[in-house]
Amino acid sequence: MTVYDLKPAFQNLLRPLAGRLVQRGITPNAVTLAALALSLLAAGAVALGGGAAWSLLALPIVLFVRMALNALDGIMAKEYGLTSRLGAYLNELGDWLSDTVLILALAFVPGVSLWSAALFALGAGLSEFAGVLGAAVGSGRRYDGPMGKSDRALFLGVFALLSGLGILPAGWGDPLVGLAAALTLPTAWNRVRGGLR
């Protein structure tokens, strides 16, 4: 059970908005690029602000909007016949780049080392690569947990909120990010195993 399992209900809420965007001529690729731009801006704000409270408190909102945009581009592409090969590349590469910069921005939060943030980013990339390879071997894109994209977004949002409010206990930053990094390994393994099965 992961946060990803809530996606169908979330998509149902967004379907009316997806229809309106399509009617206005907005493409799924434009929505994908908007999600990437939002992630880059948020990560840049955390980095340039040195992990300032305002930038961290804004991060949960940014992550929620990013998840909504990610769901919207999929609905628009699949349900309105707007899929494209370019869109497939933008979707996967955009998600990877967004995750990478947002996770690396944790290194600017007091109490989080560059090493733990880098390992988390590396593990996230590895697990997503394992998920994409499922499609390459004919088993379909894998989204197994326990630390998939939605789970990482939840972790980042809660971590940023606690840090921004100043209620994250001292010395907990690195261990928590390290734990999230460690959970990417069974995620990658589960995706490989699911693809082989």
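Draft legend 1. View of the packing of aromatic side chains. By the definition in use, this model includes 3 aromatic pairs. Through successive ring pairs, a cluster of aromatic residues spans F120, F155 and F159.

Draft legend 2. Spotlight on the nonpolar core. Counting 27 residues, the largest nonpolar core has L102, L106, F120, F155, L156, F159 and V177 as the members making the most contacts within it. Counting only elements with at least two residues in this core, the list comes to α2 (28-48), α3 (53-79), α4 (85-104), α5 (114-136), α6 (149-164) and α7 (173-196). The leading source of residues in this core is α6, at 5 residues. When residues no more than four places from it in sequence are discounted, the contact partners of L106 are V112, A117, F120, L156, F159 and V177.

Draft legend 3. Up close: the pattern of salt bridges. Overall, the coordinates contain 10 salt bridges when judged by the stated rule. When the shortest N-O distance is used, the salt bridge between R66 and D99 registers 2.9 Å. With a gap of 33 residues between them, R66 in helix α3 and D99 in helix α4 connect regions that are remote in the sequence. The class of D99 is buried, set by a relative accessible area of 5%. Here R191 and E128 are joined by a salt bridge, their closest N and O atoms 2.8 Å apart. Here R191, found in helix α7, pairs with E128, found in helix α5; they are 63 residues apart in sequence, far enough to count as distant. When its relative accessible area of 13% is taken as the criterion, E128 is described as buried. Because the salt bridges share partners, they merge into one network encompassing R66, E92, D95, D99, E128, R141, K149, R152 and R191.

Draft legend 4. The arrangement of unusual backbone geometry in detail. Cis peptide bonds are those with omega within 30 degrees of zero, and the linkage from G145 to P146 qualifies with 20 degrees. By secondary structure assignment, the location of P146 is in the loop between α5 and α6.

Draft legend 5. Broad picture of the side chain of R191. Under the relative-accessibility criterion, R191 is labelled buried at 2%. Those residues in contact with R191, other than ones at most four positions away along the chain, are S127, E128, A130, G131, R141, R142, Y143, D144, G148 and K149.

Draft legend 6. Expanded view of α6. Its 16 residues give α6 an end-to-end C-alpha distance of 22 Å, which sits within 8% of 22 Å, the value for a rise of 1.5 Å per residue. Taken as a whole, α6 has its buried residues at S150, D151, R152, A153, F155, L156, G157, F159, A160, S163 and G164. Of the residues trailing α6, G166 is marked for its positive phi of about 75 degrees.

Draft legend 7. Focus on α7. The terminal C-alpha atoms of α7 lie 36 Å apart, and with 24 residues this matches the ideal 34 Å at 1.5 Å per residue to within 8%. For α7, the complete set of buried residues consists of G173, V177, A180, A181, T184, T187, A188, N190, R191, G194 and G195.

Draft legend 8. Representation of the packing of helix α1 (residues 7-23) against α3 within the structure. Packing of α1 against α3 brings their axes to within 9 Å, and their N-to-C directions diverge by 65 degrees. Considering their axes alone, α1 and α3 lie roughly perpendicular with respect to each other. As α1 packs across α3, the resulting crossing turns out to be right-handed. Here F10, Q11, L14, R15, L17, A18, L21 and V22 of α1 lie close against α3, whose contacting residues are F64, M67, A68, A71, L72, I75, M76 and E79. By residue class, the composition of the contact of α1 with α3 is 13 nonpolar, 1 polar and 2 charged.

Draft legend 9. Quick peek at the environment of R66. With relative accessibility at 4%, the residue R66 sits in the buried group. With residues near it in sequence (within four places) discarded, R66 still touches A35, L38, S39, D95, S98, D99, L102 and K149. In terms of polar contacts, R66 uses its side chain to reach the side chain of D99, at 2.9 Å.

Draft legend 10. Expanded view of a nonpolar patch on the surface. On the surface, a nonpolar cluster with roughly 340 Å² of combined accessible area is contributed by L57, L161, L165 and I167. Here L57 falls in the partly exposed class, since its relative accessible area comes to 32%.

Cut-offs and rules
- Going along each chain's sequence as written, the residues are numbered from 1 onward.
- Restriction of local features to residues with pLDDT of at least 70 applies here, the model being predicted, together with a cutoff of 80 or more for giving and counting side-chain atom pairs; totals for whole chains, interfaces and linings are based on all residues.
- In computing side-chain values, all of the structure's heavy atoms are included and hydrogens and water are not.
- In this analysis, rings of Phe, Tyr and Trp, with Trp reduced to its six-membered ring, are considered paired at centre separations within 6.5 Å, and the interplanar angle assigns stacked below 30 degrees, edge-to-face beyond 60, and tilted for intermediate values.
- Grouping buried Ala, Val, Leu, Ile, Met, Phe, Trp, Tyr and Cys residues that are joined through side-chain atoms within 4.5 Å yields what is termed a nonpolar core.
- Think of it in three bands: residues with accessible area under 20% of the maximum for their type are buried, residues over 50% are exposed, and the middle band is partly exposed, with areas taken using a 1.4 Å probe on protein chains only.
- We count a stretch as a helix when DSSP gives it H or I for four or more residues in a row; a strand needs E for two or more, and each element gets its number in order from the N terminus.
- The contact criterion used throughout is that any non-hydrogen atoms of two residues lie within 4.5 Å.
- A pair is scored as a salt bridge if a Lys or Arg side-chain nitrogen falls within 4 Å of a carboxyl oxygen belonging to Asp or Glu.
- Residue count minus one, scaled by 1.5 Å, sets the expected span of a helix.
- Helix axes are fitted only over the stretch in contact, all axes being lines through C-alpha atoms; the angle between N-to-C directions runs from 0 to 180 degrees.
- Each angle receives one of four descriptions, namely roughly parallel if under 35 degrees, roughly antiparallel if over 145, roughly perpendicular if within 65 to 115, and oblique otherwise.
- Crossings are assigned a handedness: left-handed for a near helix turned anticlockwise from the far helix by less than a right angle, right-handed for a clockwise turn.
- Following the grouping adopted for this structure description, the nonpolar residues are Ala, Val, Leu, Ile, Met, Phe, Trp, Tyr, Cys and Pro, the charged ones are Asp, Glu, Lys and Arg, and the polar ones are all others, Gly among them.
- N or O atoms closer than or at 3.5 Å make up a polar contact, with two conditions inside protein: a donor-capable atom paired with an acceptor-capable one, and, for residues adjacent in sequence, both atoms drawn from side chains.
- By definition, no residue in a patch forms a salt bridge, and every one has over 30% relative accessible area; like charges are joined within 9 Å, nonpolar side chains (Val, Leu, Ile, Met, Phe, Trp, Tyr) within 5 Å.
- A 1.4 Å probe and the Shrake-Rupley method give the accessible areas. Residues count as covered only by the protein chains that appear here.

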